[in-house]
Amino acid sequence: MSNEPTDTEPTHDEFTPDPSEVEYPSTLRITSLPAEQAQAAAVKRAEQWEQGEEVPHVVNFEDRARLRQLLTDRRMELLETVMEQPPESIRALAGRLDRDVHDVHDDLHLLAEYDIIHFEEDGRTKKPYVPYDTVRIEVEFGLPRGEESESAASA
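Residues numbered from 1 in each chain as written. Predicted model: local features only at pLDDT ≥ 70, side-chain atom pairs only at ≥ 80, totals over all residues. Heavy atoms only, no water.

In the annotation of an unreviewed UniProt entry, the entry for the protein chain reads Transcriptional regulator, and the organism field reads Halobellus ruber.

Quick look at the structure:
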């Protein structure tokens with residue numbers, strides 16, 4: 001079987017828009033909500049988007065432990081550094097953070113899997129960047145609705 005694209009198969013370049021052509025919202029929200037709440041929130045955002053409102057991109061983790069595994073202190077520092085001053089390369093970022101290049105590379109690519117970090121390719125160099133002005137992390141928990149309980153603080 002040939003790997004040549006046929007008339008009916010789009011090439012990667014045809015299917016994937018150029019990063020400079022993609023319009024990102026100003027905010028990325030990273031949330032930890034149960035599936036039902038996340039789905040309801042997604043429907044609400046879709047309705048807002050259809051009405052022409054800007055809505056944030058959302059990455060949701062149903063399991064808070066997975067969120068904590070992804071957003072370690074080192075990765076948060078890396079993310080903040082990329083947002084404040086986008087580096088010219090992964091190697092330059094590693095130098096700025098005084099970290100091993102391979103570790104920084106792995107962390108960047110892990111964050112890219114969740115569309116938090118993006119890359120601009122410049123020849124053989126990959127420049128990491130965050131296309132959002134704000135990254136908001138939200139973890140919500142509380143008593144289920146309808147259940148009343150006295151808090152220990154009020155006793």
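Visitor: What is the right way to look at helix α2 (residues 35–50) in this model?
Guide: Along an α-helix, residues three or four positions apart point the same way, because every turn accommodates 3.6 residues. Under the 1.5 Å per step criterion, the end-to-end length of α2 is 22 Å for 16 residues, consistent within 8% with the ideal 22 Å. Phi for glycine 52, located one or two positions after α2, is positive at around 90°. (Helix = DSSP H or I, 4+ residues; strand = E, 2+ residues; numbered from the N terminus. Expected span 1.5 Å × (residues − 1).)

Visitor: What is the right way to look at the packing of aromatic side chains in this model?
Guide: Centre-to-centre distance and the angle between the planes together describe a pair of aromatic rings. A full pass over the atoms with the stated rule returns 2 aromatic pairs. Note on tyrosine 24 and tyrosine 132: the rings are 5.7 Å apart at their centroids and 80° apart in plane angle, and the pair reads as edge-to-face. Placement of tyrosine 24 in the loop between α1 (12–15) and β1 (27–32) and of tyrosine 132 in the loop between β4 (125–129) and β5 (134–139) is noted, with a sequence separation of 108 residues between them. When its relative accessible area of 22% is taken as the criterion, tyrosine 24 is described as partly exposed. Both rings, one in phenylalanine 61 and one in tyrosine 114, keep their centres 5.3 Å apart while their planes meet at 40°; by these two values the pair is tilted. With phenylalanine 61 in the loop between β2 (57–60) and α3 (64–70) and tyrosine 114 in the loop between α6 (101–113) and β3 (118–122), this residue pair connects regions lying 53 residues apart in the sequence. (Phe/Tyr/Trp six-rings, centres within 6.5 Å; stacked < 30°, edge-to-face > 60°. Buried < 20%, exposed > 50% of the residue type's maximum accessible area, 1.4 Å probe, protein only.)

Visitor: Mind showing me how you'd approach the pattern of salt bridges here?
Guide: Pairs can form between side chains of opposite charge once their charged atoms are near each other. Inspection of every chain in the model, using the stated rule, returns 5 salt bridges. Residue lysine 127 is joined to glutamate 88 by a salt bridge in which the shortest nitrogen-to-oxygen separation is 3.2 Å. Taken as a pair, lysine 127 in strand β4 and glutamate 88 in the loop between α4 (73–84) and α5 (90–97) lie far apart in primary sequence, 39 residues in all. On the basis of relative accessibility, which here comes to 19%, the residue lysine 127 falls in the buried class. When salt bridges with common partners are traced through the structure, they connect Arg75, Arg99 and Asp107 into a single cluster. (Salt bridge = Lys/Arg side-chain N within 4 Å of Asp/Glu carboxyl O.)

Visitor: Help me out: how do you make sense of the sheet that holds β1 in this one?
Guide: By way of backbone hydrogen bonds, the strands of a sheet pair with one another, either parallel or antiparallel. If you walk across this open sheet you meet the 3 strands as β2-β1-β5, and the pairing is parallel. Each of the sheet's edge strands pairs with one partner strand only, and the pair in question is β2 and β5. Put simply, the sheet's adjacent strands are angled 20° from each other on average, direction ignored. Bridge count for β1 against β2 is 4 bridges, and the pairing is parallel. Pairing of isoleucine 30 across the sheet is with valine 59, part of β2. (Pairing = 2+ DSSP bridges. Axes fitted to C-alpha atoms, helices over the stretch in contact; angles between N-to-C directions.)

Visitor: Looking at this model, I keep getting lost on the pairing of β1. Mind explaining?
Guide: Sheet faces and side chains relate simply in a regular strand, where the side chains alternate between the two faces. Across the 6 residues that make up β1, a large majority, 6, are buried. Direction of pairing for β1 relative to β5: parallel, over a ladder of 6 bridges. Bridge pairing in β5 places leucine 28 opposite valine 135. After leaving β1, the chain enters α2 and then returns to the sheet as β2, a path that is right-handed. (Right-handed = clockwise from strand over helix to strand, strands pointing away.)

Visitor: Sorry, what's going on with the environment of threonine 31 here?
Guide: In this fold, threonine 31 is placed in strand β1. When the C-alpha positions of threonine 31 and arginine 136 are compared, they lie 8.3 Å apart, and in sequence the two are 105 residues distant. Look past the residues within four positions of threonine 31 in its chain and what remains in contact with it is Val58, Val59, Asn60, Phe61 and Glu138. Engagement of the side chain of threonine 31 in a polar contact is seen with the side chain of asparagine 60, the distance being 2.6 Å. (Contact = heavy atoms within 4.5 Å. Polar contact = N/O pair within 3.5 Å; in protein donor to acceptor, adjacent residues only side chain to side chain.)

Visitor: I keep staring at the environment of lysine 127 and nothing clicks. Help me out?
Guide: Spatially, the C-alpha atoms of lysine 127 and alanine 92 are 9.4 Å apart, while their sequence positions differ by 35 residues. Setting aside anything within four residues of it in sequence, one finds lysine 127 in contact with Pro87, Glu88, His118, Phe119, Glu120 and Asp122. A distance of 3.2 Å separates a polar atom in the side chain of lysine 127 from a polar atom in the side chain of glutamate 88.

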